[in-house]
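A look at the structure
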Amino acid sequence: MLRSVGQERLTGSDEDPRVTELRTAVSRLRRELAGHPAEFPDRGIAEEELAALDAMAAGGRPEIPRLRRSLLLVAGAIGSVSALGPGLRDVRVAVDLFGEPPRHS
């Protein structure tokens, strides 16, 4: 939820803080990407995968393998755009909060 300077962030008290962090990071990167003037070939892929990440986070219980797949697609799509690097890093950190998916033996 957007807030004015000096206001506290309003979230549901039962929302997982990892989900809150992911939603915040994805929202920030989506805004930065929307405001970035340069067109690049994979911009549409980045926009679609950021929308998918946002939808997964909004659902409250994102699947770790799907989160990681979307992160890789976003990174591949915008990785060469240095102006978006800090926002991409924040999304990666937020995805990492969910830990590693269980490995099957």
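Fair warning: this is a prediction, and the values are worked out from it, not measured in the lab.

A few points about the overall build of the protein
- Within the protein one finds 4 helices and 0 strands.
- Each helix and strand of the protein, placed in order from N terminus to C terminus, yields the pattern α-α-α-α.
- For the protein, the proportion of its 105 residues judged to be buried stands at 32%.
- Taking contacts inside the protein between residues at least 6 apart in sequence as the whole, the part at least 24 apart equals 64%.

Observations concerning the pattern of salt bridges
- All told, the structure shown has 9 salt bridges when counted by the stated rule.
- A salt bridge links Glu 47 to Arg 43; the shortest N-O distance between them is 3.4 Å. With Glu 47 and Arg 43 both in helix α2 (residues 43-59) and 4 residues apart, the pair spans about one turn of that helix.
- On the basis of relative accessible area, Glu 47 is assigned to the partly exposed category, the value being 39%.
- Its salt-bridge partner being Asp 90, residue Arg 89 comes within 3.9 Å of it at the nearest N-O pair.
- A relative accessible area of 24% places Asp 90 in the partly exposed class.
- Ionic contacts of the salt-bridge type, sharing partners, join the residues Arg 28, Arg 89 and Asp 90 into one network.

Re the packing of helix α1 (residues 17-35) against helix α4 (residues 85-96)
- Two numbers describe how α1 lies on α4: the axes approach to 9 Å, and their chain directions differ by 160 degrees. Taken together, α1 and α4 sit at an angle that is classed as roughly antiparallel. Every pair of crossing elements has a handedness; the one defined by α1 and α4 is left-handed. When α1 is examined against α4, the residues Glu 21, Leu 22, Ala 25, Val 26, Arg 28, Leu 29 and Glu 32 are found in contact with a partner set consisting of Gly 87, Leu 88, Asp 90, Val 91, Ala 94 and Val 95.
- Residues of the contact of α1 with α4, tallied by class, amount to 8 nonpolar, 1 polar and 4 charged.

Notes on the nonpolar core
- Counting 25 residues, the largest nonpolar core has Leu 22, Leu 29, Leu 53, Ile 78 and Val 91 as its most contacted members.
- Mapped onto this core, the elements with two or more residues apiece are α1, α2, α3 (64-78) and α4.
- Those residues in contact with Leu 29 that lie beyond four places of it in its chain are Leu 50, Val 74, Ile 78, Leu 84, Gly 87, Leu 88 and Val 91.

Structural notes on the environment of Leu 97
- Within the secondary structure, Leu 97 is located in the segment after α4.
- Note on Leu 97: relative accessible area 41%, which makes it partly exposed.
- Counting along the chain gives 78 residues from Leu 97 to Val 19, while the straight-line C-alpha distance between them is 9.0 Å.
- Setting aside anything within four residues of it in sequence, one finds Leu 97 in contact with Arg 18 and Glu 21.

Each value, and the rule that gives it
Residues numbered from 1 in each chain as written. Predicted model: local features only at pLDDT ≥ 70, side-chain atom pairs only at ≥ 80, totals over all residues. Heavy atoms only, no water. Helix = DSSP H or I, 4+ residues; strand = E, 2+ residues; numbered from the N terminus. Buried < 20%, exposed > 50% of the residue type's maximum accessible area, 1.4 Å probe, protein only. Contact = heavy atoms within 4.5 Å. Salt bridge = Lys/Arg side-chain N within 4 Å of Asp/Glu carboxyl O. Axes fitted to C-alpha atoms, helices over the stretch in contact; angles between N-to-C directions. Parallel < 35°, antiparallel > 145°, perpendicular 65-115°, else oblique. Left-handed = near helix turned anticlockwise from the far one by under 90°. Nonpolar A, V, L, I, M, F, W, Y, C, P; charged D, E, K, R; others polar. Core = buried A, V, L, I, M, F, W, Y, C linked by side-chain atoms within 4.5 Å.

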